[in-house]
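One letter stands for each residue in the lines below.
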Amino acid sequence: MTDIRKLAAILVADVVGYSRLASADEERTLARLRALIGDLIEPAIAVHRGRIVKRTGDGFIAEFRSVVDAARSAIETQTGMLDRNAGLAPERQIELRIGIHLGDVVEEADGDLMGDGVNIAARLESLCAPGAICLSEDAYRQLKGRLDAPVNDLGPKQLKNIAEPIRVYSLDVGQPPKSAAAPAPGKSGPPRLSIVVLPFANISGDPEQEHFVDGVTESLTTDLSRLGTTVVIARNTAFTYKGRPFDVKTIGRELNVRYVLEGSVQRGGSRMRVNVQLVDAETGSHLWAERFDKPLADLFDMQDEIVARLANTLSDQIAAVEARRAEQAPNPDSMDLFFQGLSWLHSGRTPNHVAQARTFFDRALSTGLDNVDALVGSAAADIADGGNSFVPDPAGAFAAAEAKLIRALSSFPNHALSHAFLGYVKILTKRAVEGIADCEHALTLDRNLADAHAFIGLGNIFTGRADEAEAHINQALRLSPRDMAAYAWLTEVGVAKNHLGDCEQAVLWCRRAIEANRNYPEAHFHLASALARLGRLEEARSAVKAGLALNPSFTVSRARTNWTAMSDDPAHPVQLAPIFEALRKAGLPEQ
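Thresholds applied
Residues numbered from 1 in each chain as written. Predicted model: local features only at pLDDT ≥ 70, side-chain atom pairs only at ≥ 80, totals over all residues. Heavy atoms only, no water. Helix = DSSP H or I, 4+ residues; strand = E, 2+ residues; numbered from the N terminus. Buried < 20%, exposed > 50% of the residue type's maximum accessible area, 1.4 Å probe, protein only. Contact = heavy atoms within 4.5 Å. Areas by Shrake-Rupley, 256 points an atom, 1.4 Å probe, with all protein chains shown as cover. Phe/Tyr/Trp six-rings, centres within 6.5 Å; stacked < 30°, edge-to-face > 60°. Salt bridge = Lys/Arg side-chain N within 4 Å of Asp/Glu carboxyl O. Expected span 1.5 Å × (residues − 1).

Peer 1: Help me out: how do you make sense of the overall build of the protein in this one?
Peer 2: Summing up its helical and strand segments, the protein has 22 helices and 14 strands in all. For the protein, buried positions account for 55% of its 591 residues. Put simply, 65% of the contacts in the protein that link residues at least 6 apart link residues at least 24 apart. Summed over all atoms, the accessible surface of the protein reaches about 25300 Å², with 51% contributed by carbon and sulfur.

Peer 1: What am I meant to see in the packing of aromatic side chains here?
Peer 2: Both the distance between ring centres and the angle between the ring planes are used here to describe each pair of aromatic rings. For the coordinates displayed, the defined rule picks out 10 aromatic pairs. Summarising the aromatic geometry, the rings of Tyr140 and Tyr169 are spaced 4.1 Å apart at their centres and angled 20° between planes, so their arrangement reads as stacked. With Tyr140 in helix 4 (residues 137–143) and Tyr169 in strand 8 (residues 166–172), this pair connects stretches of sequence that are 29 residues apart. Owing to a relative accessible area of 16%, Tyr140 belongs among the buried residues under this scheme. Judged by its relative accessible area of 10%, Tyr169 is buried.

Peer 1: So what exactly am I meant to see when it comes to the pattern of salt bridges here?
Peer 2: Pairing of side chains with opposite charge becomes possible as their charged atoms draw close. Tallying each qualifying case throughout the model produces 26 salt bridges. Among the salt bridges present, the one from Arg358 reaches Asp382, with a minimum N-O distance of 3.0 Å. Within this pair, whereas Arg358 is found in helix 10 (residues 351–367), its partner Asp382 is found in helix 11 (residues 372–387), the two being separated by 24 residues in sequence. Note on Arg358: relative accessible area 18%, which makes it buried.

Peer 1: Is there a simple way to explain helix 17 (residues 486–500) in this structure?
Peer 2: In an α-helix, one turn spans 3.6 residues; hence positions three or four apart end up facing the same way. Between its first and last C-alpha atoms helix 17 spans 22 Å; for 15 residues at 1.5 Å apiece the expected length is 21 Å, and the two agree. Across the 15 residues of helix 17, 14 count as buried, placing the element largely inside the fold. After helix 17 finishes, the residue Gly501 shows a positive phi value of roughly 80°.

Structure follows, in structure tokens:
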């Protein structure tokens, strides 16, 4: 291959004061720089169709097809650097200077670039203020009017080894914070749902377990990243802390995250123990800790189960912490309001709790129209109203929920929870087969979505396969044994057992549901039905009384109208008839 002469947009970047940073802490500086290159700089170059030509010690040279691509990559990089430096003392901040020029270059056989185009970009970089981007006049001419960043005309500059002066422009994407105690004006703290999963410690002392331990860390990072609103620090960055002493608050500042998850794995005999703890990166306080003990089995299956349980439990725990934070917010934003709504929904499905949840979800939507979580939350509140007979018109509630979920999916087509709840609506409105398919699709997007398994279990009841419901609910519980919605899933098995006439089992499952959360009238009513069919009328009446305390408007007539309308399977009304009769015997009003 011969040398090729061409016109190219050249970007040259260099770390400001690298020698000073390295002399203070060379190992940590190198680790942070590698992380920045892997997690921020290389992705920003790749997404804008550029390539790194070569590394230059503490900097690099990149080539782009257009100046617009080069400038957008540079802006994304410098903006990301501001976030990475937020809260760090000035002497620990890593800052870049970036120069961009459009000019003639020669591409050699090995892909390297030579010529004035590269030299000018390098000279422009040396003129930059830290955190800024300097452009030649030729480069700026291509950008004029196409970018929103403020531009300063620095005038003609005589560049070393360049014959003619070149007019230079500076793009300023913002100023880095001056000190850890005084963040830049308007600079927010870490993203609300931001977390780093630190490499789990292998405390068994067995090197053969190292791959398993690292696999847990990597898989958990991947699975948490599937949660659409969660910012999860990439694996490469997290592993720069492996095997080294660290301070959680320092990590929080360096990575600009709100939460740190750390843990350990220990093998003893025929069991594997995993300890985890969630830490507030700002205060260093421990928010949640858990221990998982599992008998040794297939390591990959064990890893999948541990990761699934961690991901689901962690999601619920962070939501609870965020709800507590939101309650203290003087000016709650859209996500603050969403988490308060979620807290009400998690506290149990009663008419009042659902109404409170909807109020917060709808307020969240009024202040953040693109808040897909609040939109799905509002739909979930509608489903709760319709599915639990809280409103006189369940069909209207289901229709409203479906419209919201379709709207969510039109903007976020791969939002797994939206697909699952859309399936849930269909299951409750005589479209169970279609709804089950939606839930199965949700699981292809998020394999740990326990809700989807639970909804499939309910769908089995409405398609004449109530005997299969328990297996799906058990799968949901295996993935998320302490899920905030577990009481509803347990009730579903009680419903399935009632449909099958296995009233002893229905009693056991409904009692488990009530132990998990007493604020669910459906569990009390189905418990009452099973008890009455067993001839235990005093206990049945007590259960009805507890259910009516939560949902006073519930009657046999409303139950018949609403529950019958949920399935067109011929066996469905036949299975419901003894349930309605048992509710009458237990004292539930007819009208």
